[in-house]
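Listed here are the chains, written in short residue letters.
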Amino acid sequence: MAPKKNPLGLNALQLKTLTLLQEVARLENRPAEGEEGAFLVTRLPHAHGNHFHLGDAVVSSADATGLSNPAVWKALERKGVIAGSPQSGGVRLTAAGMGYDTGLRDSILHRSDH
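Residues numbered from 1 in each chain as written. Predicted model: local features only at pLDDT ≥ 70, side-chain atom pairs only at ≥ 80, totals over all residues. Heavy atoms only, no water.

S.K.: How should I be thinking about the overall build of the protein chain in this particular structure?
M.R.: Per the secondary structure count, the protein chain includes four helices and six strands. Along the first, second and third principal axes, the C-alpha set of the protein chain runs to 40 × 35 × 25 Å. Across the 114 residues of the protein chain, 40% fall into the buried class. For the protein chain, contacts bridging at least 24 residues in sequence account for 60% of all contacts bridging at least 6. Charge separation in the protein chain, taken as the distance between the mean sites of 12 positive and 11 negative side-chain charges, equals 7 Å. (Helix = DSSP H or I, 4+ residues; strand = E, 2+ residues; numbered from the N terminus. Buried < 20%, exposed > 50% of the residue type's maximum accessible area, 1.4 Å probe, protein only. Contact = heavy atoms within 4.5 Å. Lys, Arg positive; Asp, Glu negative; His and termini not counted. Charge placed at Lys NZ, Arg CZ, Asp CG, Glu CD.)

Written as structure tokens, this is what we have:
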């Protein structure tokens, strides 16, 4: 049997936010102590105009509204994919959070073809 898609039942906003956190964690590359496969996220992107940049990708501000929504952060923490909050000085993206397949990476992280 194929694995269930979205087994935690995350909503669209939570999935987008987790996708962005995964990409920030990859870019910062700061492994978290105490849990293999977990990473720290210490800086969140800020939009200029209708977009922002994550490495070589461009992200629409509309896809990042969850980064400023406390309810999204609480839900992601309750589901066990993050620990902490941006207000606490950093977020730990758990190993489960890093490995969660949101299915959105290619659709919200726009990369140039040149």
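Having put the structure on the table, let's press on.
S.K.: I tried to follow the pairing of strand E5 (residues 90-93) on my own but got confused; where do I start?
M.R.: Working note: regular strand, side chains alternate between the two faces of the sheet. Of the two faces of E5, the one holding Val91 and Leu93 is buried and the one holding Gly90 and Arg92 is not buried anywhere. Relative to E5, strand E4 (residues 82-85) runs antiparallel, the two sharing four bridges. Note on E5: the bridge partner recorded for Gly84 is Val91. (Pairing = 2+ DSSP bridges.)

S.K.: Got a minute to help me understand the nonpolar core in this structure?
M.R.: The tendency in soluble globular proteins is for nonpolar side chains to be buried as a group. With 27 residues, the main nonpolar core has Leu20, Leu21, Leu76 and Ile82 as its most contacted residues. Contributing elements (two or more residues each) for this core: helix H1 (12-28), strand E1 (39-41), strand E2 (51-54), strand E3 (57-60), helix H2 (70-78) and E5. The greatest single-element share of this core, amounting to six residues, is contributed by H1. Each residue touching Leu21, except ones within four places of it in the same chain, is listed here: Val41, Leu44, Leu67, Trp73, Leu76, Ile82 and Leu93. (Core = buried A, V, L, I, M, F, W, Y, C linked by side-chain atoms within 4.5 Å.)

S.K.: Quick question: what am I supposed to make of the sheet that holds E5 here?
M.R.: Hydrogen bonds between backbone atoms are what pair the strands of a sheet, whose relative direction is either parallel or antiparallel. Spatial strand order, E1-E5-E4: three strands in an open sheet with antiparallel pairing. The open sheet has two free edges, formed respectively by E1 and E4, since each of these has just one partner strand. When the angles between neighbouring strand axes are averaged without regard to direction, this sheet yields 15°. Inspection of the sheet shows E1 paired to E5 by three bridges, in the antiparallel sense. Note that in E5 the partner of Phe39 across the bridge is Leu93. Along the sheet, H1 makes contact with E1, E4 and E5, crossing E1 at roughly 105°. (Axes fitted to C-alpha atoms, helices over the stretch in contact; angles between N-to-C directions.)

S.K.: How should the pairing of E3 be read in this particular structure?
M.R.: What you see with E3 is a clean split: Ala57 and Val59 sit on the buried side and Val58 and Ser60 on the side with no burial. As judged from the four bridges shared by E2 and E3, these two strands associate in the antiparallel manner. By the bridge assignment for E3, Leu54 is matched with Ala57. As consecutive antiparallel partners, E2 and E3 are separated by two residues, and within that stretch Gly55 has a phi angle of approximately 60°, a positive value. Pairing analysis gives two bridges linking E3 to strand E6 (residues 110-111), with the strands arranged antiparallel. Its bridge partner being in E6, Ala57 is matched across the sheet by Arg111.

S.K.: Please clarify how the sheet that holds E6 should be interpreted in this entry.
M.R.: Spatially, E2-E3-E6 is the arrangement adopted by the three strands of the open sheet, whose pairing is antiparallel. Each edge of the sheet is formed by a strand with only one pairing partner; in this case those strands are E2 and E6. Across the sheet, H1 touches E2, E3 and E6, and the angle it forms with E2 is around 40°.

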